[in-house]
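Residue-level listing of the chains:
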Amino acid sequence: MRKLFTLLTLAVAFLATAQHNLCIYRNDSIFHQIKLSDGEWLSHTVNGDSITANFTDFISGDVSVPIATIDSCIFRASDIPVLRLTFPDFPEADALWEKELYVDALLDIEGNGFCEDEEGLTLQVKGRGNSTWGMSKKPMRMKFPKKISLCGFKKMKNYVLLNNHVDPTLMRNVMAMWLARRVGVPYANTMVPCHVFINDHYAGAYTMTEKVGINSGSVDIDEEKGILFEVSIEYDEEFKFRSRHWDLPMMVKDPDFGELYEEDRKGMTALQRLCKWEEDWNNAEYAVGKGRAGEVFDMQSVVNFIFVNEFVCNHELGYPKSLYIHKKSLDEGEKYYFGPVWDFDAAFNIKRWNSTENETTVSSPDDNIWLHDFLLRLRSHPEYKELHARLVKEFEEEIFPEMMDYFDEYAALIEPSAKLNAMRWPGPEVVQDWTYRESSFDTDRHIGEMRDWLIARKNHICSSK
C-alpha cells in the first residue's frame, strides 16, 4: 500500500506541471477526476495502517481518497472543456428554470487542452427543447450579443447545450452527427462535449452544438431568398401551414418573415412570403405524387437523411418530428434538400418504459423504422433505390469501420465525464413515463451494449439491401 502511494505521488509530481488530469477509478463505485494545478496540491494522512490521499477536486472541492479504495489511476493529457455560467441577478440559482425569457449571464471557459480559455463573456441563457425541457437536467440555449467562436466552432450568436439526460453513453447525438457528416447530410452539426456549472454548482455533462437555423454556423444560405422548414407535429412556430397533399405540419424555422418585412417595407409582407412558399411546397408535393420527385428534391440528400435515421433506428420521422428541409431560393431549377438532421435522444438501443407491464424494452437492432407516408413515397422512387444501394455498399465497406474507430476514440474521451455526470444525476428513473434512464456511471457496460447494438444494426441494414 505504501509503495502504491509512493508511486502515485511521484507520477503526480512529475505530471502536475503539464496540466494533466488525474482520473481515479475506485472499487467502491465512486469516481474522481482531479484537475492538476500549479504548486502544492496533494497531501496524505496516515491513521494506523490506513493511508488517505487528499486532493483538491475541480468538481467537488477538497477530496480525500483512501488508498485501499483505488482500483486504478489514469493521467489524461487533456480533458473536455468546462463552461462556467454565472447568473448575476440570481446568485443562488443552481439550475436553469426559464424557457421563455432569457437570463443575463457571464461565461468562463476552461479549455483544458481541448480549446482556448475564455473569461467574462456576456450572454443570455434560456431553456430549450420539447420533451427534454420537462426533464430534471435542463437543456439550454446560449445567445451572445455578437457572433463569437467558442471551442473551434464557426462564429455565431447562438449555441445549444444538449442535456443527453436519457442517454447513459452520452454518445447518441454525437454518433448520429458523425454519421450524418460522413455520408454528406447538408449542414450536419458539430458536437463538443463539455461540463457545465451554474453559479459554481455542477450541472452535469452536456454536448455543445450549433442552433439549427439559417446562419453561418448552420444552414448557410441567404435568408432573404431561402427557407428552412421544420416538419414537426409540435406545429408551434409563428409562420406555418398544413400541406395540401400529405397534410404535413410545415413550419418556417427560418427566416423570420416578420423581421424581413420590417427591414424592407417595400418587399413582400410576411403573409405574402408565406403564401409564396406554401404554393411552392405544394407544387413539390404534387410532383412527388406524380413520380417526378427528382425534379424538385435533391434525391441524394433525401437518401442520406433517411439512411442516417434508419441506421440509428430513429422512429420520429413517422410522426413526423425533427424533419428539416431547406431550399436556397424560389428561382427556377432550385431543388429542396433534406437536412440538417436533429434529435437522437430516443434512437439507438434506447430503453423504453412499458407502464402497463412495469418493465423496459430495448430497441431491437432488427427493427424497421416508422416513416411518414410522404417519405415512403419518396423512398419508392427509382433514383432513391439506386442511390440507396450505393450508399449501403459504401457504408458496409468503408464508413462503418471508420465509424467504429471514432466510437472507440470518443468513448475513451468522455468516460470520466460520464462518471462525473452520474454523481450529479445518479438514477435510475422512469422519465416522463416513456423511457427508462440509467446512471451514466457504468461506462464499460453502456458503451459495450451500444457497441454490440451498432454491429448488429449494421448487419441488419446491410443484409436487407
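The structure displayed is predicted, hence computed values, not measured ones.

Moving on, we come to helix α6 (residues 299-311). In this model α6 runs 18 Å from its N-terminal to its C-terminal C-alpha over 13 residues, within 8% of the 18 Å that 1.5 Å per residue would give. For α6, the set of buried residues is M299, S301, V302, V303, N304, F305, I306, F307, V308, N309, E310 and F311. Once α6 finishes, C313 follows within two positions and takes phi at roughly 60 degrees, a positive value.

What follows covers the side chain of S363. Position of S363 among the secondary structure elements: in the loop between β20 (359-362) and α7 (373-379). Not counting the four nearest positions on each side in its chain, S363 is found in contact with F348, N349, I350, R352 and W453.

Our focus in this paragraph is helix α4 (residues 270-289). The α-helix advances 3.6 residues per turn, and as a result positions three or four apart in sequence lie on the same side. Taking 1.5 Å of rise per residue, the 20 residues of α4 would be expected to cover 28 Å, and the 29 Å separating its terminal C-alpha atoms lies within 8% of that figure. Buried within α4 are the following residues: A270, R273, L274, W277, D280, W281, N282, A284, E285, A287 and V288. Just downstream of α4 lies G291, where phi reads positive at about 80 degrees.

Inspection of the secondary structure assignment puts T209 in strand β13 (residues 201-210). Of the residues examined, T209 reaches a relative accessible area of 0% and is grouped as buried. Spatially, the C-alpha atoms of T209 and F114 are 15 Å apart, while their sequence positions differ by 95 residues. Every residue in contact with T209, bar those within four places of it in the chain, is listed here: F153, Y159, V160, L162, N189, T190, M191 and W342. A polar contact is formed between the side chain of T209 and the side chain of E210, at a distance of 3.1 Å.

Glancing now at the nonpolar core. Ranked by size, the top nonpolar core spans 97 residues in total, and within it W281, F297, F311, F338, F374 and L454 carry the most contacts. When residues in this core are grouped by element, the largest group, 16 residues, is from helix α8 (residues 382-424). Once you skip the residues sitting within four places of it in the chain, F374 turns out to touch W246, L248, W281, E285, V288, F297 and F338. Of all hydrophobic cores here, the second largest spans 30 residues; its members include V103, M142, F144 and M156.

For any pair of aromatic rings, the description consists of the separation of the ring centres together with the inter-plane angle of the planes. The final tally for this structure, using the stated rule, is 28 aromatic pairs. Seen in terms of ring centroids, F197 and Y202 are 5.3 Å apart; in terms of plane orientation they differ by 50 degrees. Their pairing is tilted. Judged by relative accessible area, F197 falls into the buried class, the value being 2%. Cluster of aromatic residues (ring-pair linked, three or more members): F229, F241, W246, W277, W281, F297, F305, Y336, F338 and F374. Lying across the ring of W425, R424 places its NZ or CZ 4.0 Å from the centre.

How each quantity is defined
Residues numbered from 1 in each chain as written. Predicted model: local features only at pLDDT ≥ 70, side-chain atom pairs only at ≥ 80, totals over all residues. Heavy atoms only, no water. Helix = DSSP H or I, 4+ residues; strand = E, 2+ residues; numbered from the N terminus. Expected span 1.5 Å × (residues − 1). Buried < 20%, exposed > 50% of the residue type's maximum accessible area, 1.4 Å probe, protein only. Contact = heavy atoms within 4.5 Å. Polar contact = N/O pair within 3.5 Å; in protein donor to acceptor, adjacent residues only side chain to side chain. Core = buried A, V, L, I, M, F, W, Y, C linked by side-chain atoms within 4.5 Å. Phe/Tyr/Trp six-rings, centres within 6.5 Å; stacked < 30°, edge-to-face > 60°. Lys NZ or Arg CZ within 6 Å of the ring centre and 35° of its normal.

Read these as geometric descriptors, not functional statements.
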